[in-house]
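# Tertiary structure, described
Single-letter residue listing:
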Amino acid sequence: AAGSLGFRNVHYKPAAAVKAGSTATVGYEYDGKTYAGVWKHTGGTSCTGCHDPVKTDHSFSVEETFTATCGSTCHAAASDVAKIRMSHMGDYDGDGDSKEDLADEIAGLGAALLSQLQTAAGAAAICYDAHAYPYFFKDTNGNGVCDDASEANYGNSYKDWTAAMMKGAHNYQISQKDPGAWAHNFDYMAQLLIDSIEDLGGTVTSYTRP
């Protein structure tokens, strides 16, 4: 496949597959590594346990479910759903803060992976735009971001993929397309991101792999 690799997007909001972890294998799982399976939740394992259609009048808003139920029972110590951090107490992204929201832990690992992808790209600079297909573009001015439509357009798609970059980009995209990955299956998402960084030659000693 050398010279013919092209980025393919994971299906939008792959929440159910992320929740299923290694059972669904939506992420690229590296040889020799173990990955979290289906996420288990003491309060129930169905999606509607947190996205309750009745208590939210069919908005499926997890914030409304939290207010109606979770915040007055098991998660009373959390001021809102984003503050839930009961069983994950480590500093996973190595920024020295083990009190930040779990979404920020995932965001920190994601930012580190994107940086590692840019290092791997070298002179063939790459940038990312979550709102423009196919998401990865040539960074023509080398500033690390897709500045505007002059860079984030299909004609400027990034094409100099290596197999390692493709694997890492796939896992990075999952972290961007499932913004609730921190809750749906934190362990699985963190494992994918850390392993991708390592596979691309990055140092992962400061991270805590679940």
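Scroll up a little and you will see the structure.
Residues numbered from 1 in each chain as written. Predicted model: local features only at pLDDT ≥ 70, side-chain atom pairs only at ≥ 80, totals over all residues. Heavy atoms only, no water.

## Focus on the overall build of the chain
Scanning the chain from N- to C-terminus turns up six helices and two strands. N-terminal to C-terminal, the α/β element order of the chain is α-α-α-β-β-α-α-α. What you see for the chain is a C-alpha radius of gyration of 18 Å, in line with the 17 Å of a compact globule of 210 residues. When its C-alpha atoms are laid out on the principal axes, the chain stretches across 55 × 35 × 30 Å. Scored against the burial criterion, the 210 residues of the chain give a buried share of 43%. Sequence separation of at least 24 residues holds for 52% of the intrachain contacts in the chain that already meet a minimum separation of 6. As displayed, the chain has an accessible area near 10600 Å², and 54% of this comes from carbon and sulfur atoms. Computed over 14 positive and 26 negative side-chain charges, the separation of the two mean positions in the chain equals 6 Å. (Helix = DSSP H or I, 4+ residues; strand = E, 2+ residues; numbered from the N terminus. Rg over C-alpha atoms; globule rule 2.2 N^0.38 Å. Buried < 20%, exposed > 50% of the residue type's maximum accessible area, 1.4 Å probe, protein only. Contact = heavy atoms within 4.5 Å. Areas by Shrake-Rupley, 256 points an atom, 1.4 Å probe, with all protein chains shown as cover. Lys, Arg positive; Asp, Glu negative; His and termini not counted. Charge placed at Lys NZ, Arg CZ, Asp CG, Glu CD.)

## Examining a negative patch on the surface
On the surface, Asp-57, Glu-63, Glu-64 and Asp-80 cluster together into a negatively charged patch. Inspection of the secondary structure assignment puts Asp-80 in the loop between helix 2 (62–68) and helix 3 (102–121). Of the residues examined, Asp-80 reaches a relative accessible area of 32% and is grouped as partly exposed. (Patch = residues over 30% accessible without salt bridge, like charges linked within 9 Å, V, L, I, M, F, W, Y side chains within 5 Å. Salt bridge = Lys/Arg side-chain N within 4 Å of Asp/Glu carboxyl O.)

## A closer look at the pattern of salt bridges
A full pass over the atoms with the stated rule returns three salt bridges. Here Lys-33 makes a salt bridge to Glu-198, at a shortest N to O gap of 2.8 Å. Taken as a pair, Lys-33 in the loop between helix 1 (15–20) and helix 2 and Glu-198 in helix 6 (residues 186–199) lie far apart in primary sequence, 165 residues in all. For the salt bridge of Lys-83 with Asp-101, the shortest nitrogen-to-oxygen distance reads 3.2 Å. Of the two residues, Lys-83 sits in the loop between helix 2 and helix 3 while Asp-101 sits in the loop between helix 2 and helix 3, which places them 18 residues apart along the sequence. Taking the relative accessible area as the measure of exposure, Asp-101 reaches 18% and is therefore buried.

## Some points on the state of the cysteines
If you walk through the whole model with that rule in mind, you get one disulfide. For Cys-127, the disulfide goes to Cys-146, at an S-S distance of 2.2 Å. The S-S bond linking Cys-127 to Cys-146 shows a torsion near 100°; that makes this disulfide right-handed. Of this pair, Cys-127 sits in strand 1 (residues 126–128) while Cys-146 sits in the loop between strand 2 (136–138) and helix 4 (163–177), and the two are 19 residues apart along the sequence. Judged by its relative accessible area of 13%, Cys-146 falls in the buried class. As a non-bridged cysteine, Cys-47 has Cys-50 as the owner of its nearest cysteine sulfur, 8.8 Å distant. (Disulfide = S-S within 2.5 Å.)

## So, the packing of helix 4 against helix 6
At their nearest, the axes of helix 4 and helix 6 sit 9 Å apart, and the two run at 155° to each other. In terms of axis orientation, helix 4 runs roughly antiparallel to helix 6. With respect to the hand of their crossing, helix 4 and helix 6 are arranged in left-handed fashion. Residues Ala-164, Lys-167, Gly-168, Asn-171, Tyr-172, Ile-174 and Ser-175 of helix 4 lie in contact with helix 6, whose contacting residues are Met-189, Leu-192, Leu-193, Ser-196 and Asp-199. Its residues assigned to classes, the contact of helix 4 with helix 6 shows six nonpolar, four polar and two charged. (Axes fitted to C-alpha atoms, helices over the stretch in contact; angles between N-to-C directions. Parallel < 35°, antiparallel > 145°, perpendicular 65-115°, else oblique. Left-handed = near helix turned anticlockwise from the far one by under 90°. Nonpolar A, V, L, I, M, F, W, Y, C, P; charged D, E, K, R; others polar.)

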